[in-house]
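These are the residues of each chain, in order.
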Amino acid sequence: METMHFESILLPGVDAKRPIVIAGPCSAETEEQVMSTAKQLSDRGIKLFRAGIWKPRTRPGAFEGIGTVGLTWLQRVKEEYGMYTATEVATPKHVEECLKHGVDVLWIGARTSVNPFAVQDIADALKGTDIPVLIKNPVNPDLDLWIGCIERLYLAGVRKLGVIHRGFSSADKKIYRNLPQWHIPIELRRRYPDLPMFCDPSHIGGKRELISSISQQAMDLNFDGLMIESHCNPDGAWSDKDQQVTPDILDYILSLLVIREGKQTTESLTELRKQIDEIDDQLLEVLAKRMRVSREIGTYKKEHNMQILQAQRYSEILEGRIDQAVKFGIDGNCMKKILEVIHEESVRQQMQVMNA
Ligand code: PEP
Ligand code: MN
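The rules behind each value
- Residues numbered from 1 in each chain as written.
- Chains lettered and ligands numbered in written order.
- Predicted model: local features only at pLDDT ≥ 70, side-chain atom pairs only at ≥ 80, totals over all residues.
- Heavy atoms only, no water.
- Helix = DSSP H or I, 4+ residues; strand = E, 2+ residues; numbered from the N terminus.
- Rg over C-alpha atoms; globule rule 2.2 N^0.38 Å.
- Buried < 20%, exposed > 50% of the residue type's maximum accessible area, 1.4 Å probe, protein only.
- Areas by Shrake-Rupley, 256 points an atom, 1.4 Å probe, with all protein chains shown as cover.
- Domains from an automatic or database assignment.
- Phe/Tyr/Trp six-rings, centres within 6.5 Å; stacked < 30°, edge-to-face > 60°.
- Lys NZ or Arg CZ within 6 Å of the ring centre and 35° of its normal.
- Salt bridge = Lys/Arg side-chain N within 4 Å of Asp/Glu carboxyl O.
- Contact = heavy atoms within 4.5 Å.
- Near = heavy atom within 4 Å.
- Polar contact = N/O pair within 3.5 Å; in protein donor to acceptor, adjacent residues only side chain to side chain.
- Expected span 1.5 Å × (residues − 1).
- Donors = N, O, S within 2.8 Å, 3.2 Å for Na, K, Ca; no water.
- Lys, Arg positive; Asp, Glu negative; His and termini not counted.
- 1 Å grid on protein atoms, 1.4 Å probe; cavity = no way out; pocket = protein on both sides within 12 Å on 5 of 7 lines; lining within 4 Å.
- Points joined across faces, edges and corners; volume = space filled by probe spheres on them.
- Nonpolar A, V, L, I, M, F, W, Y, C, P; charged D, E, K, R; others polar.

Let's talk about the overall build of the protein
Scanning the protein for helices and strands turns up twelve helices and eight strands. The C-alpha atoms of the protein give 28 Å as radius of gyration, which overshoots the globular expectation for 356 residues (21 Å, by more than 25%). Projected onto the principal axes, the alpha-carbon positions of the protein cover approximately 90 × 45 × 40 Å. Sorting the 356 residues of the protein into buried and exposed places 46% on the buried side. Total accessible area on the protein stands at roughly 18,200 Å², and carbon and sulfur atoms take up 54% of it.

Observations regarding the domain arrangement of the protein
Segmenting the protein into domains produces domain 1 (20–256) and domain 2 (267–354). Of note, the centres of domain 1 and domain 2, computed from C-alpha atoms alone, are 52 Å apart.

A short note on the packing of aromatic side chains
Using the criterion set out here, one finds five aromatic pairs in the structure. For the pair Phe6 and Tyr154, a centre-to-centre distance of 5.9 Å together with 80° between the ring planes defines the contact as edge-to-face. In this pair, Phe6 sits in the segment before β1 (20–24) while Tyr154 sits in helix α5 (residues 143–155), placing the two residues 148 residues apart along the sequence. One exposure class covers both Phe6 and Tyr154, and it is buried. Geometrically, the ring pair formed by Trp146 and Phe168 is edge-to-face, given 6.5 Å between the ring centres and 75° between the ring planes. Note that Trp146 is positioned in helix α5 and Phe168 in the loop between β6 (161–165) and α6 (183–191), a separation of 22 residues in sequence. Take Trp146: its relative accessible area is 0%, and that puts it in the buried class. One cation-aromatic arrangement involves Arg159 over Tyr154; the distance from NZ or CZ to the ring centre is 3.7 Å.

Topic: the pattern of salt bridges
Under the definition given, this model contains 20 salt bridges. Between Glu229 and Arg50 there is a salt bridge, and its shortest N-O distance comes to 3.3 Å. Placement of the pair is Glu229 in strand β8 (residues 225–229) and Arg50 in strand β2 (residues 48–50), with a sequence separation of 179 residues. Of the two residues, Glu229 and Arg50, both sit in the buried class.

Structural notes on the side chain of Lys136
Considering the arrangement of structural elements, one finds Lys136 in strand β5 (residues 133–136). Once residues lying within four places of it in the same chain are set aside, the contact partners of Lys136 are Arg50, Trp107, Ile108, Gly109, Ala110, Ser113, Trp146, Ile164, Arg166, Asp200, His203 and Met227.

Remarks on the site of ligand 1
The immediate surroundings of ligand 1 are formed by Cys26, Arg50, Lys55, Glu88, Trp107, Gly109, Ala110, Arg111, Lys136, Arg166, His203 and Glu229. At 2.8 Å from an oxygen atom of ligand 1 is found a side-chain nitrogen or oxygen belonging to Arg50. Computed on the free molecule, ligand 1 has an accessible area of 290 Å², of which 98% lies beneath the protein chains in the complex.

Quick look at helix α1 (residues 31–43)
For α1, built from 13 residues, the straight-helix expectation of 18 Å at 1.5 Å per residue is met to within 8% by its first-to-last C-alpha distance of 18 Å. When we look at burial in α1, the residues that qualify are Gln33, Val34, Met35, Thr37, Ala38 and Leu41. Of the surrounding secondary structure, the elements contacted by the buried residues of α1 are β1, β2, α2 (69–81) and α9 (247–256). Downstream of α1 by a residue or two, Gly45 has a phi angle that is positive, lying close to 90°.

Describing the coordination of the manganese ion (ligand 2)
The coordination sphere of the manganese ion (ligand 2) contains the protein donors Cys26 (SG), His203 (NE2), Glu229 (OE) and Asp240 (OD), at a distance range of 2.1 to 2.4 Å. Expressed as a motif, the donor residue spacing for the manganese ion (ligand 2) is C-x176-H-x25-E-x10-D. Of the two residues, His203 sits in helix α7 (residues 201–205) while Asp240 sits in the loop between β8 and α9, which places them 37 residues apart along the sequence. For Asp240, a relative accessible area of 17% translates into the label buried.

So, the side chain of Lys55
Turning to its location among the elements, Lys55 is positioned in the loop between β2 and α2. Glu88 provides the closest opposite charge to the buried, salt-bridge-free Lys55, at an N-O distance of 4.8 Å.

What about the environment of Asp172?
Here Asp172 lies in the loop between β6 and α6. Overall, Asp172 belongs to the partly exposed group, its relative accessible area being 38%. Here the alpha-carbon distance between Asp172 and Pro19, two residues 153 residues apart in the chain, equals 29 Å.

With respect to unusual backbone geometry
The omega torsion across Arg18 and Pro19 is -10°, close enough to zero to call that bond cis. Its location among the elements puts Pro19 in the segment before β1. The backbone of Asp240 shows a phi angle near 50°, a positive value even though the residue is not glycine. Of note in the backbone geometry, Asn305 takes a positive phi value of approximately 55° without being a glycine. Mapped onto the elements, Asn305 comes out in the loop between α10 (263–303) and α11 (311–327). Classification of Asn305 as exposed rests on a relative accessible area of 75%.

A closer look at empty space enclosed by the protein
For the structure on display, the rule yields two cavities of 30 Å³ or more. Ile9, Leu10, Leu11, Val14, Ile20, Ile22, Leu48, Val105, Leu134 and Phe198 are the residues that line the largest cavity. Residues that form the lining of the largest cavity fall into these classes: ten nonpolar, no polar and no charged. Of the volumes computed, that of the second largest cavity is approximately 40 Å³. What lines the second largest cavity is Arg290, Tyr314, Ile317, Leu318, Leu339, Ile342 and His343. Residue classes in the lining of the second largest cavity are distributed as five nonpolar, one polar and one charged.

Okay, structure coming up:
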């Protein structure tokens, strides 16, 4: 498919400064809970309010969302506090209801983004609209599936796109509710550098105590924004109570974040550092291979009763290699030192074999 070019998802008045924060309860529960949480968040400078209206729950019988009536509460949040509102859509009907009620940002949940049929239905429903859409990673760690979801929306004409990293399902829930597997969003960023990327530390951690450190990690990895679940009374929340914080705590968590250097620099620097890491890996492998050959030479010399140090051979190695290094733009003295150290270790390894 053609190269994708995205349009900014930033709404008027929302600062592009990292992190862009989307906060609000996992679920809209009551009008009072929505209004009280929104007011407290707004008072602390939060501009984007989230609340789930239709909830995909693991087991039936759990609270499955308040439904369409909740959208009228979101309308009040907009009118009374001037916040933008965001909610999850999983069906064309949800999209239609949200558009009718003036929701500003939609997101596709992790249990929906795994399903190309569902995603295609949503994409079709979004044709001809201009609303920003954020796509959570599919529950399983499959980058292509995530990209496929982005492509389906793009092909339907949606250009204001972003993604949310919320971790990946796993049987191992010792620390995280959903494993971060950071290399997946990092690779997504490498492929689509201008695709806005959010991190959802609430759903990754599954616990309040982890929100701060995961948020900091996301900032260090150059994410653009954070989606954090915040509730006026987290302990009484009807869904995901362990991973929600009060607006006060959220404010504190955000105040602790250290935002390092500007976007451009970090991005290319991260990219270059990754290359260095890879090259160092290769260097190590080559060195290990060289030592293995040295030990084989040791075995040969032992079997043939030869001495280890053969001065003639060593000076040939040195001179030849140094000339070559200089041609590659490496300082001759530096190369000499490196070769001497390598040679020393080779001799040590040969001796080990001979004295074994
Ligand atoms: C949510 O944001 O409350 C939610 C259901 O998230 P996810 O799709 O990441 O599980
Ligand atoms: Mn939730």
